[in-house]
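Observations on chain architecture
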Amino acid sequence: MLLKFLFKPREPQFALGEDIRLRYLGPSDATAFRDHIHELHFEDFRDRFNGLVSDYWLDKYIARSLNEAIVIGAFAGDHLVGVGELHTGGRIEPGQGESAFSVASDWRHKGLGTILLKAMLRAASDNDISTIIVMTGSQNHAMKALARRFGARMQFAGDQSVGRINVADGLRLAARRLKDRNFPAPPVPIGEPPALSASLT
Ligand SMILES: CC(C)(COP(=O)(O)OP(=O)(O)OC[C@H]1O[C@@H](n2cnc3c(N)ncnc32)[C@H](O)[C@@H]1OP(=O)(O)O)[C@@H](O)C(=O)NCCC(=O)NCCS
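Okay, so let's go over this structure. Residue positions are counted from 1 within each chain, in the order its sequence is given. Residue-level local features of this predicted model are given only where pLDDT is at least 70; pairs of side-chain atoms are given and counted only at 80 or more, and the full residue set underlies all totals for whole chains, interfaces and linings.

**Some points on the site of the ligand**
Here is the check we use: build the C-beta atom from the backbone, and if it is within 6 Å of the molecule or strand, call the residue near. Surrounding the ligand, one finds 23 residues, the nearest of these being D47, G113, T114, A142 and A145. Secondary structure elements follow DSSP: runs of H or I of four or more residues count as helices, runs of E of two or more count as strands, with numbering from the N terminus. Among the elements of the structure, α2 (42-49), β4 (96-103), α4 (112-126) and α5 (141-149) are those that each provide at least two residues to the shell around the ligand. Sorting elements by how many residues they give to the shell around the ligand places α5 first, with 6 residues. Across the shell around the ligand, the residue classes tally to 8 nonpolar, 8 polar and 7 charged. Each residue is assigned to one class: nonpolar for Ala, Val, Leu, Ile, Met, Phe, Trp, Tyr, Cys and Pro, charged for Asp, Glu, Lys and Arg, and polar for all the others, Gly among them.

**Digging into the nonpolar core**
Defined on buried residues, the nonpolar core groups Ala, Val, Leu, Ile, Met, Phe, Trp, Tyr and Cys residues joined through C-beta atoms within 7 Å. With C-beta atoms placed from the backbone, the exposure class of a residue follows from how many other C-beta atoms lie within 10 Å of its own: 20 or more, buried; 12 or fewer, exposed; in between, partly exposed. Ranked by size, the top nonpolar core spans 42 residues in total, and within it I72, L116 and M120 carry the most contacts. Here this core takes 9 residues from α4, the largest share from any one element. This entry defines residue contacts through backbone-placed C-beta atoms, with two residues in contact when those atoms are within 7 Å. Contact partners of L116, with chain neighbours within four places excluded, come to I72, A74, G82, G84 and F101.

**Focus on the sheet that holds strand β2 (residues 70-76)**
Two strands are counted as paired when DSSP detects at least two bridges linking them. What the 7 strands build is an open sheet, ordered β1-β2-β3-β4-β5-β7-β6; its pairing is mixed. With partners counted over all chains shown, the strands left at the sheet margins are β1 (20-24) and β6 (155-157), one partner each. Averaged over neighbouring strand pairs, the angle between their axes works out to 30° when direction is ignored. Pairing analysis gives 6 bridges linking strand β3 (residues 79-87) to β4, with the strands arranged antiparallel. Bridging from a neighbouring strand, H87 pairs with E98 of β4. Lines are fitted to the C-alpha atoms to define the axes, a helix being fitted only along its stretch in contact, and any angle between axes, read from their N-to-C directions, falls within 0 to 180 degrees. The strands that α5 touches are β4, β5 (131-137) and β7 (160-166); relative to β5, the one it contacts most, it runs at about 160°.

**A word on helix α1 (residues 30-39)**
The complete set of buried residues in α1 reads F33, H36 and I37. On an axial view of α1, the arc spanned by its buried residues comes to 95°, and they lie on one face. Exposed residues on α1 whose side chains face more than 90 degrees from its buried face are T31, D35 and H38. Summarising the contacts, the buried residues of α1 are in contact with α2, α3 (55-68), β3 and β4. Think of it as the arc spanned by the lines of direction from the helix axis to the C-beta atoms.

Written out as structure tokens, the structure is:
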């Protein structure tokens, strides 16, 4: 599936110079996911986890995410360059999902985060999730801009900024930007369907 030039950007012009392929990630993608996280620049790593984490913690987090959450990977060739996660269950209310995103530092600001969020909206809708929660550091302008793009009102909560994307509204906004072009949900890897019982705690 090729998602090159999936949507028309505003400013600046996006330059996704390679074909970007999206698919769900499963447990067999742990090494690629770990490599992707380790490739993030220091500030991006810190923004992704709201601080620093140990390798041990990271490995456990990745294993749990790939086993329990909806995880969408964006590949440039064989290289994992972006990940969107949607966690449900546990302390998260039914019908809601808590999101997390990471885009390879060299790929930032080219529209990849937007593509991942659009795919996540489709995946959420397909799995009866009506609200996507975005939680990020209050200084994380890129993540806040990305969430606002799909209708979230970001509000301060301590040193965090929290917003909610109504999935139906977000899909409408995405469709408006796509000017009636469809964007497919990522295919599920054979034998590794994403489960919906994740917890972040
Ligand atoms: C947040 C993140 C996923 C956005 O991905 P991206 O591919 O850069 O996003 P896009 O190119 O689709 O741009 C989305 C919005 O962010 C803005 N943006 C992107 N990079 C930015 C930057 N460095 N500074 C300010 N704004 C930025 C874009 O202008 C766009 O805003 P707009 O809709 O108002 O034009 C990415 O920056 C990232 O991985 N950051 C490190 C990890 C992280 O912070 N994750 C979020 C917490 S879970």
